[in-house]
Amino acid sequence: MANEYLKIVEQVEKYKTVQNLMQHINNRTLSLKNNSQLKKKAAGIDGVTKVEYDQNIRANLEILVGRMKRFSYRPQPIRRVYIPKIASDKLRPLGIPAYEDKLVQGVMADILTVIYESKFLDLSYGFRPKRSCHQAVLDLDNKIMREPVNFIVDADIKGFFDNVNHEWLIKFLEHDIEDKNFIRYITNASIIAIKNV
């Protein structure tokens, strides 16, 4: 992944904002994202699996990139399923995107990671590459056992992703990203996500 996004890393280090991100959503990065997908994952609303998409991968990616360039690509609605919560009688909602949306969103997430990874504090573990819950617990354990601690606050924001203000989220992204088309695709995906809550 790193080689695909070296230009973004250079921009992040040199400038206040980054530009021209859409050029990084191309046949190569989408193909790499496709290669990283697991074969046995559930299909989205389109019913397309990785195995089916792979049968004509080159043509499928050419068509997808062409639609993105013409701005005719639109994320599809998310298929919502409910899975049991561990040690609870409640169900947890799970959103399953259409296969092409997984690829596009995956590449966009990689780009956002390149932009924002250096801005996170070292003590932040959530949804970051090469970091896990286990590492967070070990770090917490080390701090509690070796440093003076007066309080520990355990907080869980119920339904955070269902309730986050998407308009403000976009404004925060626009603070660092000067690519209107990249922001446009994130906004479109955000609108689809809101409709599926």
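Below: a short report on this structure. Computed from a predicted structure; not experimentally measured.

Rules of the game
- Residues numbered from 1 in each chain as written.
- Predicted model: local features only at pLDDT ≥ 70, side-chain atom pairs only at ≥ 80, totals over all residues.
- Heavy atoms only, no water.
- Salt bridge = Lys/Arg side-chain N within 4 Å of Asp/Glu carboxyl O.
- Helix = DSSP H or I, 4+ residues; strand = E, 2+ residues; numbered from the N terminus.
- Buried < 20%, exposed > 50% of the residue type's maximum accessible area, 1.4 Å probe, protein only.
- Phe/Tyr/Trp six-rings, centres within 6.5 Å; stacked < 30°, edge-to-face > 60°.
- Lys NZ or Arg CZ within 6 Å of the ring centre and 35° of its normal.
- Arc of directions from axis to C-beta.
- Polar contact = N/O pair within 3.5 Å; in protein donor to acceptor, adjacent residues only side chain to side chain.
- Contact = heavy atoms within 4.5 Å.

**Here's the deal with the pattern of salt bridges**
Piece 1. This structure, assessed with the given rule, holds seven salt bridges.
Piece 2. A salt bridge links Lys-119 to Asp-176; the shortest N-O distance between them is 3.0 Å. Pair noted here: Lys-119 is in the loop between helix H5 (99-116) and helix H6 (133-146) and Asp-176 is in helix H8 (residues 166-176), with a separation of 57 residues, a long-range link.
Piece 3. Given the relative accessible area of 45%, Lys-119 is considered partly exposed.

**Points about the packing of aromatic side chains**
Piece 1. Enumeration according to the criterion identifies four aromatic pairs in this entry.
Piece 2. Their ring planes at 55° and their centres at 5.7 Å tell us that Tyr-73 and Tyr-185 sit as a pair that is tilted. Of this pair, Tyr-73 sits in the loop between helix H4 (57-69) and strand S1 (79-84) while Tyr-185 sits in helix H9 (residues 180-195), placing them 112 residues apart in sequence.
Piece 3. Its relative accessible area of 2% is what places Tyr-73 among the buried residues.
Piece 4. Every member of this aromatic cluster is reached through a ring pair, and the members are Phe-71, Tyr-73 and Tyr-185.
Piece 5. Across from the ring centre of Tyr-125, 5.1 Å away, lies the NZ or CZ of Arg-131, which sits over that ring.
Piece 6. Stacked on the ring of Trp-168, the Lys or Arg Lys-171 has its end atom at 4.6 Å from the ring centre.

**A closer look at H8**
Piece 1. Those residues of H8 lying buried are His-166, Ile-170, Leu-173 and Asp-176. Summarising the axial view, the buried residues of H8 lie within an arc of 120°, below the 170-degree limit, and thus occupy one face. Residues Glu-167 and Phe-172 are exposed on H8 and point more than 90 degrees away from its buried face.
Piece 2. Where H8 begins, the capping side chain belongs to Asn-165, and its oxygen is found 3.0 Å from the backbone nitrogen of Glu-167.

**What to know about the side chain of Thr-29**
Piece 1. Positionally, Thr-29 belongs in helix H2 (residues 27-36).
Piece 2. When near neighbours in sequence (up to four residues on either side) are disregarded, Thr-29 contacts Glu-4, Tyr-5, His-24 and Val-107.

Honestly, that's just the spatial picture; any functional story needs more than this.
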